[in-house]
Each structure stands twice: as C-alpha cells, then as structure tokens.
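Chain by chain, the residues run as shown.
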Amino acid sequence: SRDKLTPPEITVFKVLTHMEDKINSELLLSKTPANEWVESSTYRFDGLFEALKVMVQDGVAGKKFYMGDDVNTDPRYGLVNLAAFLAQSMKETIMYDAW
C-alpha cells in the first residue's frame with residue numbers, strides 16, 4: 001500500500017468527485033424489465049470511488065488500476081482506463097443490477 005497519490009490520480013479523483021451526481025444519475029444505470037433505465041440500486045458512486053481508491057493504492061494480487069504516474073502525468077490515462085472498465089462492467093453487471 002502507498003499513501004501518496006500521483007498528480008494524475010489526484011486529478012482523476014477530483015474530477016470524479018465533481019461528477020458524483022451525474023455518475024449516479026446518468027452512468028450507473030440499470031435496465032428494468034420494462035426496458036426503462038433507472039439509477040442502479042446496487043452500483044453507486046460511493047462504492048465505485050472507494051473500490052477505485054483501493055485498486056489504485058493497494059491493488060489485488062499484485063495488479064493495480066493504472067491512472068498515470070510521475071512520467072505519464074496526463075490524467076486522461078486514468079479517465080480512459082476508467083471509461084473502458086465501466087463500459088465492460090455495464091455490459092456484464094451494472095445494467096442488470098447484478099452482483
């Protein structure tokens with residue numbers, strides 16, 4: 001575990017915090033049996049944010065979520081990686097509100 005975030009990580013977390021309401025109301029959506037999109041009751045910003053912090057700082061099985069580093073300081077690395085992760089997650093679980 002490391003305590004200090006890199007500059008791009010700090011920027012990405014600030015952007016996400018600023019977008020919390022939109023992430024809950026426009027991104028983390030589930031599809032109802034009537035084919036309507038509603039806010040997920042399972043997947044929420046708080047859980048995403050806390051899990052992302054763990055994956056950035058500690059990781060799992062030696063793997064960490066990459067958001068840039070001291071060389072690649074552009075926060076778009078982290079935002080693009082998060083977008084790809086969320087797109088795959090949406091396809092597999094979020095849209096179904098599944099575990």
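First, a word on scope: everything that follows refers to the structure included in this document. On a predicted model such as this, the values are computed, not experimentally measured, just so you know.

### Quick look at the layout of surface pockets
Okay, step 1: Estimates place the volume of the largest pocket at around 280 Å³.
Okay, step 2: Tyr-43, Gly-47, Leu-48, Ala-51 and Phe-85 are the residues nearest the centre of the largest pocket, which is lined by 17 residues in total.
Okay, step 3: Ranked by the residues each element gives to the lining of the largest pocket, the list is headed by helix H3 (residues 45–57), at five residues.
Okay, step 4: Of the residues belonging to the lining of the largest pocket, the class tally is twelve nonpolar, four polar and one charged.

### Overview of the packing of helix H1 (residues 7–18) against H3
Okay, step 1: H3 packs onto H1 with a crossing angle of 175° between their chain directions and a minimal axis gap of 11 Å. It follows from the interaxial angle that H1 and H3 lie roughly antiparallel. Facing H1, whose interface residues are Glu-9, Phe-13, Leu-16 and Thr-17, H3 presents Phe-45, Phe-49, Leu-52, Lys-53 and Val-56.
Okay, step 2: The residue inventory of the contact of H1 with H3, partitioned by class, reads six nonpolar, one polar and two charged.

### So, H3
Okay, step 1: An ideal rise of 1.5 Å per residue puts 18 Å on 13 residues; H3 measures up with 18 Å between its terminal C-alpha atoms.
Okay, step 2: If you check which residues of H3 are buried, you get Phe-45, Leu-48, Phe-49, Leu-52, Val-56 and Gln-57. Looking straight down H3, one finds its buried side chains confined to an arc of 145°; they lie on one side.
Okay, step 3: In this fold, the buried residues of H3 make contact with H1, helix H2 (20–27) and helix H4 (76–92).
Okay, step 4: Just past H3, the residue Gly-59 takes up positive phi, approximately 75°.

Scoring rules and cut-offs
Residues numbered from 1 in each chain as written. Predicted model: local features only at pLDDT ≥ 70, side-chain atom pairs only at ≥ 80, totals over all residues. Heavy atoms only, no water. 1 Å grid on protein atoms, 1.4 Å probe; cavity = no way out; pocket = protein on both sides within 12 Å on 5 of 7 lines; lining within 4 Å. Points joined across faces, edges and corners; volume = space filled by probe spheres on them. Helix = DSSP H or I, 4+ residues; strand = E, 2+ residues; numbered from the N terminus. Nonpolar A, V, L, I, M, F, W, Y, C, P; charged D, E, K, R; others polar. Axes fitted to C-alpha atoms, helices over the stretch in contact; angles between N-to-C directions. Parallel < 35°, antiparallel > 145°, perpendicular 65-115°, else oblique. Contact = heavy atoms within 4.5 Å. Expected span 1.5 Å × (residues − 1). Buried < 20%, exposed > 50% of the residue type's maximum accessible area, 1.4 Å probe, protein only. Arc of directions from axis to C-beta.

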